Amino acid sequence: MVVMKMKFPFQKRVKLAQGLWLLSWCATVAGATTFTLGCLLKTELRRRAEVMDNTDIHIVPNTLMIVGLASLGINYFASKICQDALDAGRFPRWKNFLKPYFAVSCFFTVLMLLAVIMSYAMKGSLESSLKVGLRNGIRFYKDTDTPGRCFQKQNIDRLQMEFQCCGNNDFRDWFEVQWISNRYLDFNSKEVKDIIKSNVDGRYLVDGVPFSCCNPSSPRPCIQYQLTNNSAHYNYDYQTEELNIYLRGCREALVNYYMGLMNTIGAGVLSIFLLQGSVLVSLRFLQTAMEAVAGKENTEIETEGYLLEKGVKETVMEYVDPVLKFLLLKNQVQEGTSVETGPATA
Amino acid sequence: MALLKMKFNQQRRVRLAQGLWLLSWLALTCGAFVFCLGVYLKTELLRRDEVMDNGEIHVVPNILIMVGLASIGTNWIASRVCQDSLDTSRFPRWKVLLLAWFVVAALVCCLLLTVVVLSYALQGRLEESLKVGLRNGIRFYKDTDVPGRCFQKETIDHLQMEFRCCGNNNFKDWFEVQWVSNRYLDFTSQEVKDRIRSNVDNRYLLDGVPFSCCNPASPRPCLQYHLTDSRAHYNYEYQSEELNLYSRGCRQALTDYYMGLMNSTGPGVLSVILIQMSVLLSMRYLQTAVEGAMALEDPEGESEGYLLEKGVKETYQDVRAKVLNVVKFGQVDPAEEASGAAEGEKTTDTSTEKAATPPPAS
């Protein structure tokens, strides 16, 4: 039972070939665009690589880049095929090529769709990666003299200023770590000794934040230290103060940023997926319509084009059978030998 | 004696027309590039408008925008003329326009050259403008409750963070103004009272800077206040501390930025001038060669192309005589109106006088 049979008179075949040629060149440009979008996303993710714990999210831009390159090849061949399609002498040489070509093209087109789905599905993974990365960044903020961690302070400061955020969940994360290095603490001073004695680990914890948390939109000069102490500053109320420092956490800010980026890219890739799908469908129709013409003297007859010769299930089995046979053949041989040895032993 | 005479047979004329057509489309793209450059420069200058006192520097992007548009127009006309040049029936209609075209094209080249010169010459004016603008910005930093100045704080903070600079000349500019608003000062506190009494104008001056002067590259948490007091902070030496705050002044930073922008566009504009000049010269050769060919009996024969019909000196004298004629004609007419119709004889006398004078001159 044929899937989606359509009649193609000669004129319609010519129009199909011409339209497909144009469409395949559009799809080539779209493939290059996909590759570029993948590169863009990868660059943006790498820029903030220091505050990410793992690189699981990189699978999205990697897939986009692979699909972009593959679609360049697919569409190049599509344009070549439809150029030769109307020439009865040149079309037969593509015969053996077309079956694997369609298999590979369908695979990469489905991969494109998968990339878009993954970009939504991996939000949780990105968030946990950022959570761990930012926690480490805040913990090692003071270690500007430790090799390997000496740039954490600069990274976190620039991150907080650029994304207008403070801390991991919010600014209170800074109250729980010692972010001032011991090199700049006067251990003879009573104040420092009191604070160090006040907690179990002997850490210098303050209810203050680094300067990079300061919000320039605040009408008053930034209050960084003694944030929870209303009497330490004139005309200041800790509970109602909103503009002094950034209230948003950096994890939320970064997740929103990357999700926004991936949503925009996802919308573009979805439309490219539709374009690529239409190229493949049109090529299939053209192939089947031209195959019916082969061998006939009058090339201007009306032919039928279809998507699949048999039903969907049978076609899938047709493609999968060779693969299964290759695997099953081995098993059959093994079964045969074991059967032979069975009666022999018995 | 014609200037830079060259012989053009039909083949060469065709090649010249085709080459000029391509060149004029290239010059059109360059004109569009110059226009975009002008728009970009103007946008960048407008972004920092609040810290500039006057808009004199805007003459550079304004001229670039005008010249870009004019160049797009002239090069488009040049391409149309090339297309018609080899068709003897269509070329004559461009004859009248070509003189005006040459004047406009020469003007475009001159203006582009002026822009390059101005972009270097106006550096001093830009610096002056920034000096005054930044001084005002720093003075009104605290006035976040005064309408019209309430965004100065945010503007200066964002500027200092983005350009990595502090103050006007350097961070010490913040020591000379009160940048903490009175709304946030506790006037009952002894410290505040001391500071206010310590200077004539009763301003709350301190040796501290806003948070936007802090340098993220510093290994220690930022020290904003009591900067000149080495004992106020542990392990701190005022004289030798380099990384704590940005050491550059914002005026220097902004001037460097804008000068860098205008210098990097310099070579591009110079190459656009060269392309435009070559379009101008090629058009002149094409015009004279085609006109010479049309005057021959055999239109496909060899003709001469030149830049100027006579030498430079004679052409200049010719042009001067023509201009003076027009000017003198203009002088006669108001005299006619003033004297009225009754003085018609006098004007005829003057006109006969005029007729008498040219012969001795020639």
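It should be emphasised that the depicted structure is a prediction, and the values quoted were computed from it without experimental measurement.

We now examine the overall build of chain A. Assigned secondary structure in chain A consists of 8 helices and 2 strands. Starting at the N terminus and walking to the C terminus, you meet the elements of chain A as β-α-α-α-α-α-α-α-β-α. For 346 residues, the compact-globule formula gives about 20 Å, and the C-alpha radius of gyration of chain A, at 32 Å, lies well above that figure. Projected onto its principal axes, the C-alpha positions of chain A cover 105 × 70 × 35 Å. When contacts within chain A are restricted to residue pairs at least 6 apart in sequence, those whose partners lie at least 24 apart make up 72%. For chain A, the exposed surface amounts to about 18500 Å²; the carbon and sulfur share of it is 60%.

Glancing now at the interface of chain B and chain A. Contacts between the two partners involve 27 residues from chain B and, on the opposite side, 27 residues from chain A. Interface of chain B and chain A: buried area, both sides summed, is about 2500 Å²; carbon and sulfur atoms make up 63% of it. Applying the counting rule to chain B against chain A returns 0 salt bridges. The interface formed by chain B and chain A includes 9 residue pairs in polar contact (both at pLDDT 80 or more). Here the residues of the side of chain B that touches chain A are counted per class, giving 14 nonpolar, 6 polar and 7 charged.

Let's shift gears to the packing of aromatic side chains. If you walk through the whole model with that rule in mind, you get 26 aromatic pairs over all chains. Relative to B:Trp25, the ring of B:Trp21 has its centre 6.2 Å away and its plane inclined at 70°; by these criteria the two rings are edge-to-face. Placement of both B:Trp21 and B:Trp25 in helix H1 (residues 10-47) is noted, with a separation of 4 residues, approximately one turn of the helix. By relative accessible area, which is 35% here, B:Trp25 ends up partly exposed. With a centroid separation of 5.3 Å and 75° between ring planes, the pair formed by B:Phe163 and B:Tyr257 is classed as edge-to-face. With B:Phe163 in helix H5 (residues 152-163) and B:Tyr257 in helix H7 (residues 250-295), the pair connects residues that are 94 residues apart, well separated along the chain. Classification of B:Phe163 as buried rests on a relative accessible area of 10%. Taken together, the aromatic side chains of A:Tyr76, A:Phe77, A:Trp94, A:Phe97, A:Tyr101 and A:Phe102 make up a single cluster linked through ring pairs. Over the ring of A:Phe102 we find A:Arg284, and its NZ or CZ is 5.8 Å from the ring centre. Between the NZ or CZ atom of B:Arg284 and the centre of the ring of B:Phe102, over which it lies, the distance is 6.0 Å.

Moving on: the packing of helix H1 (residues 10-47) of chain A against helix H2 (residues 59-85) of chain A. All names here are of chain A. Contact pair H1 / H2: the axes reach a minimum separation of 8 Å and the direction vectors enclose 165°. One finds that H1 runs roughly antiparallel with respect to H2. Once H1 is placed against H2, the crossing between them reads as left-handed. Along the lines of polarity and charge, the residues of the contact of H1 with H2 split into 19 nonpolar, 11 polar and 1 charged.

This paragraph deals with the state of the cysteines. All chains considered together, the criterion is met by 6 disulfides over all chains. Each disulfide pairs two cysteine sulfurs, and for A:Cys166 the partner residue is A:Cys213, the sulfurs being separated by 1.9 Å. An S-S torsion of about 80° defines the bridge between A:Cys166 and A:Cys213 as right-handed. With A:Cys166 in the loop between helix H5 (152-163) and helix H6 (190-197) and A:Cys213 in the loop between H6 and helix H7 (250-293), this residue pair connects regions lying 47 residues apart in the sequence. Residue class for A:Cys213 comes out buried when judged on its relative accessible area of 0%. One disulfide bridge connects B:Cys165 with B:Cys250, the sulfur atoms lying 2.1 Å from each other. On the sign convention where negative means left-handed, the S-S torsion of about 85° between B:Cys165 and B:Cys250 marks this disulfide as right-handed. With a gap of 85 residues between them, B:Cys165 in the loop between H5 and helix H6 (190-197) and B:Cys250 in helix H7 connect regions that are remote in the sequence. What connects to what in chain B, once the bonded cysteines are numbered by sequence position, is 1-6, 2-3, 4-5. B:Cys222 provides the cysteine sulfur closest to A:Cys150, a residue in no disulfide bond, and the two sulfurs are 19 Å apart. Relative accessible area serves as the criterion here: at 32%, A:Cys150 is assigned to the partly exposed category. Distance from the sulfur of B:Cys109, which forms no disulfide, to the nearest cysteine sulfur (B:Cys110) is 6.9 Å.

Moving on, we get to the UniProt feature "transmembrane region" (unreviewed entry) in chain B. Residue and element names in this part refer to chain B. In the numbering used here, UniProt assigns the "transmembrane region" (unreviewed entry) feature to residues 20-40, 60-78 and 98-122. Between the first and last C-alpha atoms of residues 20-40 the distance is 30 Å; the span itself is 100% helix and 0% strand. With 96% helix and 0% strand, residues 98-122 has its two end C-alpha atoms placed 35 Å apart.

On to the packing of helix H3 (residues 95-121) of chain B against H7(B). Residue and element names in this part refer to chain B. Between H3 and H7, the least distance of the axes is 9 Å, while the angle of their chain directions is 160°. Accordingly, the angle class assigned to the pair H3 and H7 is roughly antiparallel. The two elements H3 and H7 meet at a crossing, and its hand is left-handed. Class assignment of the residues belonging to the contact of H3 with H7 gives a composition of 20 nonpolar, 4 polar and 3 charged.

What follows covers the side chain of A:Arg251. Residues and elements named next belong to chain A. Inspection of the secondary structure puts Arg251 in helix H7. Look at Arg251 and you get buried, because its relative accessible area is 15%. Setting aside its immediate chain neighbours within four residues, Arg251 contacts Glu127, Leu130, Lys131, Leu134, Gly167, Asn168 and Asn169.

Attention shifts here to the pattern of salt bridges. Following the criterion strictly, the structure yields 32 salt bridges over all chains and no others. For B:Arg203, the salt bridge is made with B:Asp201, and the minimal N-O distance between the two is 3.4 Å. Residue B:Arg203 is classed as partly exposed on the basis of its relative accessible area of 29%. B:Asp201 sits in the exposed class, given a relative accessible area of 53%. Within this structure, A:Glu44, A:Arg47, A:Arg48 and A:Glu162 form a network of salt bridges that share partners.

Turning our eyes to something else, we now look at the confidence of the model for chain A. Looking at chain A as a whole, its pLDDT mean stands at 89, while 95% of the residues score no less than 70. Across residues 339-346 of chain A, confidence stays below pLDDT 50; counting only partners more than four residues off in sequence or on other chains, it has 0 contacts.

Take the UniProt feature "transmembrane region" (unreviewed entry) in chain A next. Residue and element names in this part refer to chain A. Feature annotation in UniProt places "transmembrane region" (unreviewed entry) on residues 59-79, 100-122 and 265-286, given in this structure's numbering. In residues 59-79, helix accounts for 100% and strand for 0%; the two terminal C-alpha atoms are 30 Å from one another. A distance of 32 Å separates the end C-alpha atoms of residues 265-286, which is 100% helix and 0% strand.

Turning next to the nonpolar core. Counting 167 residues, the largest nonpolar core has A:Trp174, A:Val209, B:Trp101, B:Trp174 and B:Val209 as its most contacted members. With sequence-adjacent residues up to four places away left out, A:Val209 is seen in contact with A:Cys166, A:Phe171, A:Trp174, A:Phe175, A:Trp179, A:Gln224, A:Leu227 and A:Ile245.

On the surface, A:Val312, A:Val316, A:Met317, A:Tyr319, A:Val320, A:Val323, A:Leu324, A:Phe326, A:Leu327 and A:Leu328 cluster together to form a nonpolar patch covering roughly 900 Å² of accessible area. Within the secondary structure, A:Leu324 is located in helix H8 (residues 312-345).

Parameters and conventions
Residues numbered from 1 in each chain as written. Chains lettered and ligands numbered in written order. Predicted model: local features only at pLDDT ≥ 70, side-chain atom pairs only at ≥ 80, totals over all residues. Heavy atoms only, no water. Helix = DSSP H or I, 4+ residues; strand = E, 2+ residues; numbered from the N terminus. Rg over C-alpha atoms; globule rule 2.2 N^0.38 Å. Contact = heavy atoms within 4.5 Å. Areas by Shrake-Rupley, 256 points an atom, 1.4 Å probe, with all protein chains shown as cover. Buried area = accessible area lost by both parts, 1.4 Å probe. Salt bridge = Lys/Arg side-chain N within 4 Å of Asp/Glu carboxyl O. Polar contact = N/O pair within 3.5 Å; in protein donor to acceptor, adjacent residues only side chain to side chain. Nonpolar A, V, L, I, M, F, W, Y, C, P; charged D, E, K, R; others polar. Phe/Tyr/Trp six-rings, centres within 6.5 Å; stacked < 30°, edge-to-face > 60°. Buried < 20%, exposed > 50% of the residue type's maximum accessible area, 1.4 Å probe, protein only. Lys NZ or Arg CZ within 6 Å of the ring centre and 35° of its normal. Axes fitted to C-alpha atoms, helices over the stretch in contact; angles between N-to-C directions. Parallel < 35°, antiparallel > 145°, perpendicular 65-115°, else oblique. Left-handed = near helix turned anticlockwise from the far one by under 90°. Disulfide = S-S within 2.5 Å. UniProt positions renumbered as here; feature names shortened; annotations may be inferred. pLDDT = per-residue confidence, 0-100. Core = buried A, V, L, I, M, F, W, Y, C linked by side-chain atoms within 4.5 Å. Patch = residues over 30% accessible without salt bridge, like charges linked within 9 Å, V, L, I, M, F, W, Y side chains within 5 Å.

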